[in-house]
Amino acid sequence: MYERYEKLLSEKGITSYQVSKATGVSQQILSFWKKNRSKPSYRNLKKIADYLNVDIDYLIGDSSKRVVKPEIKEHQIQIPLFAHLSCGTGSFVDEDIIEYISLPDTILKPNKEYFANYAKGDSMIDAGINGGDLLVFEKTNVLDNGNIGAFCVDNEEAICKRFRKSEQGLIMLLPANEKYNPIIIDVNDTCFRIVGKLALVISKR
């Protein structure tokens, strides 16, 4: 595990002392890690991984997939592009990130948090969303009627639909293609979460 850390230092031409000074992780903690007496806490690993510009799983050797965040550019927002959104955990899993994309802050709000993934199927074509389009969502668990969002329903992969909630509390996820029926959500029997609000569609064409 420490060997990968040393390899990263070598690639970047920096020392553990520099890492310690930049992150606040003590040299003693790094020394214990090297001697296999202990490893940094998750919080400290996150600091080190961010400083080295890699994922935590890659840093500690649990993954061979190295997702590198692009350098921050002025007036740009970095957005993680996910292979899929896990509904089993209801969270965003770093190892499912394909890459990071940069978009100008003139079309998105820099004080918001975003994620992206690719549209699948044709259920939202009448809303201008085709399979393969890049969808950018603002992270949120609140939507107004008519908003298009990303939803977790039970343990299936997250889906993109239009949100509708009646005065009686009935939730419907509406497709934008007459070939498909609405998805009716019974919150008493269904694990349901709103995970995002559609902010931008980038067509693949």
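How each quantity is defined
Residues numbered from 1 in each chain as written. Predicted model: local features only at pLDDT ≥ 70, side-chain atom pairs only at ≥ 80, totals over all residues. Heavy atoms only, no water. Phe/Tyr/Trp six-rings, centres within 6.5 Å; stacked < 30°, edge-to-face > 60°. Helix = DSSP H or I, 4+ residues; strand = E, 2+ residues; numbered from the N terminus. Buried < 20%, exposed > 50% of the residue type's maximum accessible area, 1.4 Å probe, protein only. Polar contact = N/O pair within 3.5 Å; in protein donor to acceptor, adjacent residues only side chain to side chain. Contact = heavy atoms within 4.5 Å. Arc of directions from axis to C-beta. Axes fitted to C-alpha atoms, helices over the stretch in contact; angles between N-to-C directions. Parallel < 35°, antiparallel > 145°, perpendicular 65-115°, else oblique. Left-handed = near helix turned anticlockwise from the far one by under 90°. Nonpolar A, V, L, I, M, F, W, Y, C, P; charged D, E, K, R; others polar. Pairing = 2+ DSSP bridges.

**Student:** What exactly am I supposed to notice about the packing of aromatic side chains here?
**Tutor:** Each aromatic ring pair is described using two quantities: the centre-to-centre distance and the angle formed by the ring planes. Evaluation of the coordinates by the stated rule reveals six aromatic pairs. Each ring, one from Tyr5 and one from Trp33, has its centre 4.9 Å from the other, and the planes form 35 degrees; the classification is tilted. With Tyr5 in helix H1 (residues 2-12) and Trp33 in helix H3 (residues 27-34), this residue pair connects regions lying 28 residues apart in the sequence. Taking the relative accessible area as the measure of exposure, Trp33 reaches 2% and is therefore buried. Each residue in the set Tyr2, Tyr5 and Trp33 is aromatic and connected to the rest through ring pairs, giving one cluster.

**Student:** When you look at the environment of Ala158 in this model, what are you seeing that I'm missing?
**Tutor:** Tracing the backbone through its elements, the reader meets Ala158 in the loop between strand E5 (148-153) and strand E6 (159-165). For the pair Ala158 and Arg193, spaced 35 residues apart in sequence, the C-alpha separation works out to 9.3 Å.

**Student:** Whenever I open this one, the side chain of Asp133 confuses me. Can you help?
**Tutor:** Tracing the backbone through its elements, the reader meets Asp133 in the loop between strand E3 (114-118) and strand E4 (134-139). Side-chain polar atoms of Asp133 contact the backbone nitrogen of Asn130, separated by 2.8 Å. Non-local contacts of Asp133, meaning those with residues more than four positions away in its chain, are made with Asn117, Tyr118, Ala119, Gly128, Val201, Ile202, Ser203 and Lys204.

**Student:** Whenever I open this one, the side chain of Thr23 confuses me. Can you help?
**Tutor:** Of note, Thr23 is situated in helix H2 (residues 16-23). For Thr23, a relative accessible area of 12% translates into the label buried. At a separation of 3.2 Å, a polar atom in the side chain of Thr23 contacts the main-chain amide nitrogen of Val25. Each residue touching Thr23, except ones within four places of it in the same chain, is listed here: Lys47, Ile48 and Tyr51.

**Student:** Which parts of the structure should I look at to understand H1?
**Tutor:** In an α-helix, one turn spans 3.6 residues; hence positions three or four apart end up facing the same way. For H1, every residue scored as buried is listed here: Tyr2, Tyr5, Leu8 and Leu9. For H1, the angular spread of buried residues about the axis comes to 115 degrees, placing them on one side. Seen from the buried face of H1, the exposed residues on the opposite side, beyond 90 degrees, are Glu3 and Ser10. Among the structural elements, H2, H3, helix H4 (42-52) and helix H5 (56-59) are those in contact with the buried residues of H1. A positive backbone phi angle near 70 degrees is found at Gly13, which sits one or two residues after H1.

**Student:** Can you help me understand the environment of Thr106 in this one?
**Tutor:** Assignment of secondary structure puts Thr106 in the loop between strand E2 (97-104) and E3. A residue is classified by how much of its surface remains accessible, and Thr106, at 70% relative accessible area, is exposed.

**Student:** I keep staring at the packing of H2 against H4 and nothing clicks. Help me out?
**Tutor:** Packed helices, taken two at a time, are described by their axes: the angle between them and the distance between them. Axis separation between H2 and H4 bottoms out at 10 Å; the angle between their running directions is 110 degrees. Relative to H4, H2 is oriented roughly perpendicular. Here H2 and H4 pass one another in a crossing that is right-handed. Contacts from Gln18, Val19, Ala22 and Thr23 of H2 reach H4 at Lys47, Ile48 and Tyr51. Looking at the contact of H2 with H4, its residues break down into four nonpolar, two polar and one charged.

**Student:** Even after reading the chapter, I still don't get the pairing of E4, so can you show me in this structure?
**Tutor:** Residues in a regular strand point their side chains to alternate faces of the sheet. Burial runs high along E4: five of the six residues are buried. Where E3 and E4 come together, five bridges link them in antiparallel fashion. If you follow Phe115 over to E4, its bridge partner there is Phe137. Inspection of the sheet shows E4 paired to strand E9 (residues 192-202) by six bridges, in the antiparallel sense. Residue pairing for E9: Leu135 is matched across the bridge by Val201.

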